[in-house]
Amino acid sequence: MTFDELATSILAGKPATEDDALAVLRAHDDELLDVVAAAGRLRRAHFGNTVKVNYLVNLKSGLCAENCNYCSQSLGSTAPILKYSWLKTDEAVEQAAAGLKGGATRVCMVSSGRGPSDKDIDKVTEMVGAIKGENPGVEVCACLGLLKEGQAERLKDAGVDAYNHNINTAESHHDKIVQTHTYADRVDTVTKAKTAGLSPCSGLIAGLGETDEQLVEALFALRELESDSIPVNFLMPFDGTPYENTWELDPTRCLLILAMARFVCPDREVRIAGGREMHLRSLQGLALHVANSIFLGDYLTSEGQAAETDLELIRDNGFVVLGSDEHDAQIAAGHSHDPAIRRRGAGTDVAANA
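Right, let's walk through the structure included here. (Residues numbered from 1 in each chain as written. Predicted model: local features only at pLDDT ≥ 70, side-chain atom pairs only at ≥ 80, totals over all residues. Heavy atoms only, no water.)

Here's the deal with the overall build of the protein
- If you tally the helices and strands in the protein, you get 14 helices and ten strands.
- Relative to the globule expectation of 20 Å for 354 residues, the C-alpha radius of gyration of the protein, 20 Å, shows essentially globular dimensions.
- Each of the three principal axes of the protein carries a C-alpha extent, and together these read 60 × 50 × 40 Å.
- The long-range share in the protein, meaning contacts at least 24 apart out of those at least 6 apart in sequence, stands at 75%.
- For the protein, the exposed area adds up to about 15800 Å²; of that, 51% sits on carbon and sulfur atoms.
- Taking the average location of the 33 positive side-chain charges in the protein and that of its 52 negative ones, the two points are 3 Å from each other. (Helix = DSSP H or I, 4+ residues; strand = E, 2+ residues; numbered from the N terminus. Rg over C-alpha atoms; globule rule 2.2 N^0.38 Å. Contact = heavy atoms within 4.5 Å. Areas by Shrake-Rupley, 256 points an atom, 1.4 Å probe, with all protein chains shown as cover. Lys, Arg positive; Asp, Glu negative; His and termini not counted. Charge placed at Lys NZ, Arg CZ, Asp CG, Glu CD.)

And the structure:
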């Protein structure tokens, strides 16, 4: 079966199998555009030409006692990241406003740590009330770690729309990447969020030494969990973490991982998340023909490309920002740049651009 035939079968209601997913992941280089075209059919069938834009607000950075080996904020990490305790409510509102002004429709409020105390929940609910008070239509997703009984319900009552807690990797690989909590702990939190009426957001990190089969295992677990939104992160090997010298990804591999996610979960939001700029590089635009969601600007502890560059990426690939009324103005803005006059290389004393 060709990849186009696979897409037709999925659109007819027959879910992709694990063998199908492996075939996508292991596609040859000369099949890459066939994979993207087929996955793009599924993407457009469910999401048209829209891209959902999300914005991260890191409420508390670093200072985490968990030993997630991939994380720059974890116990034992010496990565030189920003470290601070909880933002004040007005600071959180200010940060959220910046993302919304840039075109985001969902604010993702994240804190480091194993999980929130009840006082932490109080802080977040106050922030959510303030953000929604100024921006009534905004979606808010909380990502606070492992939840205790009753906390998801409190977040829901406060106006939180979604809860993110990534499974990160396959159950068969989990204990190799973190030992201070279990895979079952993560699934339990996703289940608590879903039971409370929060939209479950759960994804993975690729490039952690997992096998092809384990990537497939993780995606099928996310399908089983009924994750509405699937962030696909690509490992950023921060210096000062156990994975600092782990480089397993290239742009084509990342694109195939995203395509596999689309085939396995055709009607779910597939979000290109951390590591997008580092690993997809010049294929970011092509990836939008498979995924339908990105983060705008910076991430939790790393900088992303300029927000305007993200918006240009969306426009230049024929997509529009979900919820935007400014499509025509955005197109016009994309043609407003003056040519850059060459002032280096031949005929000058400045080194050539090479």
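So, the nonpolar core
- Formed by 91 residues in total, the largest nonpolar core has its most connected members in Phe234 and Phe263.
- By residue number, the principal contributor to this core is helix 10 (residues 251-264), which donates ten residues.
- Ignoring anything within four residues of it in the chain, the contact list for Phe263 reads Phe3, Leu6, Ala7, Ile10, Ala16, Val24, Val35, Ala38, Ala39 and Leu42.
- Among the nonpolar cores identified, the runner-up in size contains ten residues, and Ala162, Cys201, Phe295 and Tyr299 belong to it. (Core = buried A, V, L, I, M, F, W, Y, C linked by side-chain atoms within 4.5 Å. Buried < 20%, exposed > 50% of the residue type's maximum accessible area, 1.4 Å probe, protein only.)

A short note on the packing of aromatic side chains
- Taken as a whole and assessed by the stated rule, the structure comprises one aromatic pair.
- On the basis of an interplanar angle of 80° and a centroid distance of 6.3 Å, the ring pair of Phe295 and Tyr299 is categorised as edge-to-face. By the burial criterion, Phe295 is buried, and Tyr299 matches it. (Phe/Tyr/Trp six-rings, centres within 6.5 Å; stacked < 30°, edge-to-face > 60°.)

Quick notes on the pairing of strand 2 (residues 106-111)
- With six of six residues buried, strand 2 is to be regarded as a mostly interior element.
- Burial of strand 2 is two-sided: the residues Arg106, Cys108 and Val110 facing one way and the residues Val107, Met109 and Ser111 facing the other way are all buried.
- Crossover connection from strand 1 (residues 50-60) via helix 4 (residues 89-101) to parallel strand 2: handedness right-handed.
- Bridge count between strand 2 and strand 3 (residues 139-143): five bridges; the pairing is parallel. The residue bridging Arg106 from the neighbouring strand is Glu139, located in strand 3.
- Running through helix 5 (residues 118-134), the crossover from strand 2 to the neighbouring parallel element strand 3 is right-handed. (Right-handed = clockwise from strand over helix to strand, strands pointing away. Pairing = 2+ DSSP bridges.)

Considerations on the pattern of salt bridges
- Under the defined criterion, the tally for this structure stands at 19 salt bridges.
- Between Lys123 and Asp120 there is a salt bridge whose closest N-O contact spans 3.6 Å. Taken together, the residues Lys123 and Asp120, both in helix 5 and three residues apart, mark about one turn of the helix.
- Lys123 sits in the partly exposed class, given a relative accessible area of 33%.
- In this structure, Asp267 engages Arg268 in a salt bridge whose closest nitrogen and oxygen atoms are separated by 3.4 Å.
- Take Asp267: its relative accessible area is 44%, and that puts it in the partly exposed class.
- The buried category is assigned to Arg268, whose relative accessible area is 15%.
- Connected via shared salt-bridge partners are Lys52, Arg106, Glu139, Glu269 and Arg271. (Salt bridge = Lys/Arg side-chain N within 4 Å of Asp/Glu carboxyl O.)

Thoughts on the pairing of strand 8 (residues 269-272)
- Burial along strand 8 is two-sided: Glu269 and Arg271 and Val270 and Ile272, pointing in opposite directions, are all buried.
- When strand 7 (residues 229-234) meets strand 8, the two strands line up parallel, connected through four bridges. When the bridges of strand 8 are listed, Ile230 appears paired with Val270.
- Read from strand 7 through helix 10 to strand 8, the crossover connection turns out right-handed.
- Bridge count between strand 8 and strand 9 (residues 293-295): two bridges; the pairing is parallel. Each bridged residue has a counterpart across the sheet, and for Arg271 the counterpart in strand 9 is Ser293.

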